[in-house]
Each structure stands twice: as C-alpha cells, then as structure tokens.
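The lines below spell out each chain.
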Amino acid sequence: ALARFEPWTYRLPRDVPAGWTSWYAYRDRITERDVQRVADVMAERLAPWGYRWLQLDDGYQRLPIGVVDHWLTPNDKFPSGMGALARYITTRGLLPGIWTNVSFQDSAWSAANPQLFVRAADGRPAKGNWIGWVMDANRPATYDALISPVYRGFREMGYQYFKVDALRHLRYEGFNSNAEYFASRGVTREGEMRGLMARLRETIGRDRFILACWG
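Just so it is clear, the model here is predicted, and its values are computed rather than measured.

Below, the discussion takes up the environment of Asp165. As for its position among the elements, Asp165 is in strand β6 (residues 161–165). Sequence separation between Asp165 and Asn101 is 64 residues; the distance between their C-alpha atoms is 4.5 Å. Excluding residues that lie within four positions of it along the chain, Asp165 makes contacts with Trp99, Thr100, Asn101, Val102, Cys213 and Trp214.

If you want it as structure tokens, here you go:
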C-alpha cells in the first residue's frame, strides 16, 4: 500500500488516545457494574496521569452478532442500556469507547436476506471460520441495513472511540476467499475494502477515533 502512503496530506493526531480496555481483565464476562467500577477508579487514580479513554471490549452484545439491534440493545448484563453506560463514563470525566465486529453470525437472517452477502460458488451466502456469513459490506444496501445504523447509533449515544474488529478476516476469509464473486461484478477486493472504511469514517465522523483492529 505504499502507493497510497501520503503523509503530507494529513496531520498526525496531537492527542494520542491513552486509557483502558476491558478485554484483558474481563474477556466477554464484563458487566455494566464492572465498567462503572472501573470508571470510578480511573477518574480518581488514572485520569490525573492522562488516562482518559475507557473502552468496552466485547461482552455487551446479544447473540448471534451481526443484527443491528443485537449491537445497540445489549444483553442482560447491561440493564441500563448502552447510552446510559456512555453517559456514566462521561460524567466521570472520561471518554467512552466501544468494540464492534464486522463478522455476521446469524444464519437465519443471512438465509432470508442473501442479496446483502457475498455469494459462494454455489450461489449461497459465503461463510468463513472467523467472519461468519460474509457481508457484502461496501454494497450500499448492505451498508445501510447492517453497518451504518450500528455506528450511527453508538455515535448518537455519545461514544467517542470505535474499535472495529475482524477486518483482516473480512478481507481474507470473506473477500479473498471469494475472489470470483467480486470479479464477476467488475470490482476489486481492495477497492471494496477501502470503500467500506471510507463509509465508516463518514458515518463515525472525523472527530471520533477509529481503531482498525486486524486492519
């Protein structure tokens, strides 16, 4: 990608994010109360040293992941909802962050809406080990139905930091493993991936931080 490396066209961020992520402490066992306790400790003991970001990493979403409401309306471990959690973190003087994932694991939904997914050689929605049913993520109909509402919703709730996970799996298991699908449409896999990231940036906004995990 060196041909696209043009550092003279942008400025480096002056305020590099520093904070805490829940994954290594709690994995997917994290609860709403755990996040609140961490926010209290961070506000008292870590914020004076520059730790401003608190990022919830997995464990809040309902399963199977992929459907918009399963992201925005959390499981029973987060009874107050995701908006209330962002507000709690903010009231402690911190900046809330959220983990998301571009995999799609709802087999019934993908079977009912095959037009939104990459097609395998047999014409059915393609599937990968880590990515699940492969979203045709840069197709406008797919982006508008499954991706944009998630990030727009979290932005409206007040989240400032967006970790977008499994991008590597989307590219390699999803796009590269189904190269014929993209060739038949006359589009490049690189172009589709870059198109997705451009759409994400537009939806999230340039005033919010994106961590392209496995990107």
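As a further point, take the packing of aromatic side chains. Per the counting criterion, the structure on display carries 13 aromatic pairs. Ring plane angle 70° and centroid distance 6.4 Å describe the contact between Trp109 and Phe117, whose orientation is recorded as edge-to-face. The buried category is assigned to Phe117, whose relative accessible area is 0%. With centroids separated by 5.2 Å and ring planes inclined at 85°, the aromatic side chains of Tyr181 and Phe182 adopt a geometry described as edge-to-face. Each residue in the set Tyr60, Trp71, Trp99, Phe154 and Tyr159 is aromatic and connected to the rest through ring pairs, giving one cluster. The lysine or arginine in question, Lys127, covers the ring of Trp133, its NZ or CZ lying 5.5 Å from the ring centre.

To continue, consider the nonpolar core. Proteins that are soluble and globular tend to have nonpolar side chains buried together. Counting 52 residues, the largest nonpolar core has Leu56, Tyr60, Ile147, Phe154 and Leu170 as the members making the most contacts within it. Ranked by residues supplied to this core, first place goes to helix α6 (residues 140–157) with 6 residues.

Looking at the secondary structure, you find Ser103 in the loop between β3 (95–101) and α5 (107–112). On the accessibility criterion, Ser103 (2% relative accessible area) is buried. Residue contacts for Ser103: discarding those within four places in its chain leaves Ile65, Gly66, Trp130 and Ile131.

What follows concerns the sheet that holds β3. Taken in spatial order, the 5 strands make up an open sheet running β1-β2-β3-β6-β7, and their pairing is parallel. Two strands in the sheet have a free side with no partner beyond their single neighbour: β1 (19–21) and β7 (209–212). Going from strand to strand, the sheet's axes swing by 20° on average, the running direction of each strand aside. In terms of strand pairing, β1 meets strand β2 (residues 53–56) through 3 bridges, oriented parallel. Across the sheet, Gly19 pairs through a bridge with Trp53, a residue of β2. Sitting on the sheet, helix α2 (residues 32–46) is in contact with β1 and β2, with an inclination near 165° to β2.

Attention shifts here to the side chain of Arg208. Relative to the helices and strands, Arg208 is located in the loop between α9 (189–204) and β7. Once residues lying within four places of it in the same chain are set aside, the contact partners of Arg208 are Arg155, Gly158, Tyr159, Gln160, Phe162 and Arg201.

As a further point, take the environment of Ala39. On the secondary structure map, Ala39 appears in helix α2. A relative accessible area of 0% places Ala39 in the buried class. Linking Ala39 and Tyr88, residues 49 residues apart in sequence, is a C-alpha distance of 8.1 Å. Setting aside chain neighbours within four positions, we find Ala39 in contact with Leu54, Tyr88, Arg92 and Leu94.

What counts and what doesn't
Residues numbered from 1 in each chain as written. Predicted model: local features only at pLDDT ≥ 70, side-chain atom pairs only at ≥ 80, totals over all residues. Heavy atoms only, no water. Helix = DSSP H or I, 4+ residues; strand = E, 2+ residues; numbered from the N terminus. Contact = heavy atoms within 4.5 Å. Phe/Tyr/Trp six-rings, centres within 6.5 Å; stacked < 30°, edge-to-face > 60°. Buried < 20%, exposed > 50% of the residue type's maximum accessible area, 1.4 Å probe, protein only. Lys NZ or Arg CZ within 6 Å of the ring centre and 35° of its normal. Core = buried A, V, L, I, M, F, W, Y, C linked by side-chain atoms within 4.5 Å. Pairing = 2+ DSSP bridges. Axes fitted to C-alpha atoms, helices over the stretch in contact; angles between N-to-C directions.

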